[in-house]
Amino acid sequence: MLDGKRLLVTGLVTTDSIAFATAQRAQELGAELLLTALDRDRERCLEAAAQLSGMPQVVSLDVTKSEDFDRLATVARAEFGRLDGALHAVAFAPRDALAGDFLAASAESAELAFRTSAFSYASLARVLADLAPPQGAALVGLDFDAAGAWPVYNWMGVSKAALESVNRYLARDLGPRGIRANLVAAGPLRTRAAGGIPDFQRLLDAWDTQAPIPWDPADAGPVADATCFLLSDLARAITGEILHVDGGYHAMAGALRAPARDASEVGEPVAAAT
Ligand SMILES: NC(=O)c1ccc[n+]([C@@H]2O[C@H](COP(=O)([O-])OP(=O)(O)OC[C@H]3O[C@@H](n4cnc5c(N)ncnc54)[C@H](O)[C@@H]3O)[C@@H](O)[C@H]2O)c1
């Protein structure tokens, strides 16, 4: 399905990363990969990447720095010559923007969440557009359904709403050049980023009661498969789309089952801020 495709994969930091599951699946389907890593995550990224087939090259990328995108384009051109697709799997919000009093978050934290998690999707699109072959290319980003307000997630939720909008504008402007832009709205998965969301367990509990298809938060495989589909030519007429890979949670209007446990058992928030 991805035979001969040259893909850029961002956001791989551990073997739990959605980017790792996608990279692994994309390789099985025939893709060649170029990875990116934030400098402070580089060692962990290399450790995880060692478990992929071959050892894909890892390029430094801090998505808040526009000069990093310029360097990425230069390296990708030199290494690959062209890019057939790219995965945006990056998000970050400081802790005060993720939970607690929504009205008390600082503008700086909200802006950093937006810049890292939404604006950077357009920056990656620019790199892809520069390196896309004449027959076109595919961009895929990872979303957490922003149609409503979550009990936690706060300004990251706002940033995901922005990401959804950016996706539509990219579809508008890049479609005529054969470049598609789509999002996969994933259900909650136990990754490092998820560990930084205070009270993430609440989201897992919501999926336990409301998803018609049982949802396994330890298995990023279904999200990886859908992402590979959108990166492939099988999705050649799909753009501006948000594909929910969430066990059907988004399509239900309320809980289907009683909660497995009492709200008082919900754990304390974890300390990490990614
Ligand atoms: N885990 C979930 O429940 C879930 C659900 C839906 C969507 N998503 C989205 O999936 C994407 C990947 O997250 P994940 O859950 O696999 O977590 P993860 O922690 O494995 O990956 C997050 C990545 O973001 C990178 N990153 C953070 N700030 C960066 C910066 N300034 N520049 C470059 N890279 C930066 C980190 O290095 C890391 O590789 C994110 O967009 C996240 O919002 C996650």
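Please read all numbers here as calculations on a predicted model, not as lab measurements.

Procedures and definitions
Residues numbered from 1 in each chain as written. Predicted model: local features only at pLDDT ≥ 70, side-chain atom pairs only at ≥ 80, totals over all residues. Helix = DSSP H or I, 4+ residues; strand = E, 2+ residues; numbered from the N terminus. Near = placed C-beta within 6 Å. Nonpolar A, V, L, I, M, F, W, Y, C, P; charged D, E, K, R; others polar. Axes fitted to C-alpha atoms, helices over the stretch in contact; angles between N-to-C directions. Parallel < 35°, antiparallel > 145°, perpendicular 65-115°, else oblique. Left-handed = near helix turned anticlockwise from the far one by under 90°. Contact = placed C-beta atoms within 7 Å. Core = buried A, V, L, I, M, F, W, Y, C linked by C-beta atoms within 7 Å. Buried ≥ 20, exposed ≤ 12 C-beta atoms within 10 Å, placed from the backbone. Pairing = 2+ DSSP bridges.

This part takes up unusual backbone geometry. One non-glycine residue, Y153, lies in the positive phi region at around 95 degrees. Tracing the backbone shows Y153 in the loop between β5 (137-143) and α6 (154-174). One non-glycine residue, N154, lies in the positive phi region at around 35 degrees. Position of N154 among the secondary structure elements: in helix α6.

This part takes up the site of the ligand. Residues in close proximity to the ligand total 29 residues, the closest being S17, A91, L142, T191 and A193. Of all the secondary structure elements, the ones that give two or more residues to the shell around the ligand are α1 (18-28), β5 and α7 (192-195). No other element matches α7, which puts three residues into the shell around the ligand. Looking at the shell around the ligand, its residues break down into 18 nonpolar, seven polar and four charged.

So, about the packing of helix α3 (residues 66-80) against helix α5 (residues 107-131). Contact geometry for α3 and α5: axes closest at 10 Å, N-to-C directions at 25 degrees. Between α3 and α5, the angle is such that the two are roughly parallel. Seen from above, α3 lies across α5 with right-handed handedness. Between α3, through S66, F69, L72, A73, A76 and R77, and α5, the contact on the second element is made entirely by S123, R126, V127, D130 and L131. Classifying every residue of the contact of α3 with α5 by side-chain character gives six nonpolar, two polar and three charged.

L12, I18, L128, L139 and V184 are the most contacted members of the largest nonpolar core, which totals 83 residues. It is α5 that provides the largest number of residues to this core, a total of 10 residues. Contact partners of L139, with chain neighbours within four places excluded, come to G85, A86, H88, L124, A125, L128, L170, I179, R180 and A181.

Within strand β6 (residues 179-186), eight of the eight residues are buried, leaving the element largely enclosed by the surrounding structure. Because side chains alternate across β6, one face comprises the buried residues I179, A181, L183 and A185, and the other comprises R180, N182, V184 and A186, equally buried. Looking at chain direction, β5 and β6 are connected through seven bridges and run parallel. From the neighbouring strand, V140 faces β6, where its bridge partner is N182.

A separate point is the sheet that holds strand β4 (residues 85-88). With respect to topology, seven strands assemble into an open sheet ordered β3-β2-β1-β4-β5-β6-β7, the strand pairing being parallel. Of all strands in the sheet, those with a lone pairing partner are β3 (57-60) and β7 (241-245), marking the two edges. Neighbour to neighbour, the strand axes of the sheet diverge by 20 degrees on average, direction disregarded. As paired elements, β4 and β5 share four bridges and run parallel to each other. Pairing of G85 across the sheet is with A138, part of β5. The strands touched by helix α2 (residues 42-49) are β2 (32-37) and β3; relative to β3, the strand with the most contacts, the crossing angle is about 160 degrees. Its contacts with the sheet put helix α9 (residues 221-231) on β1 (6-9), β4, β5, β6 and β7, and the angle it makes with β6 is roughly 165 degrees.

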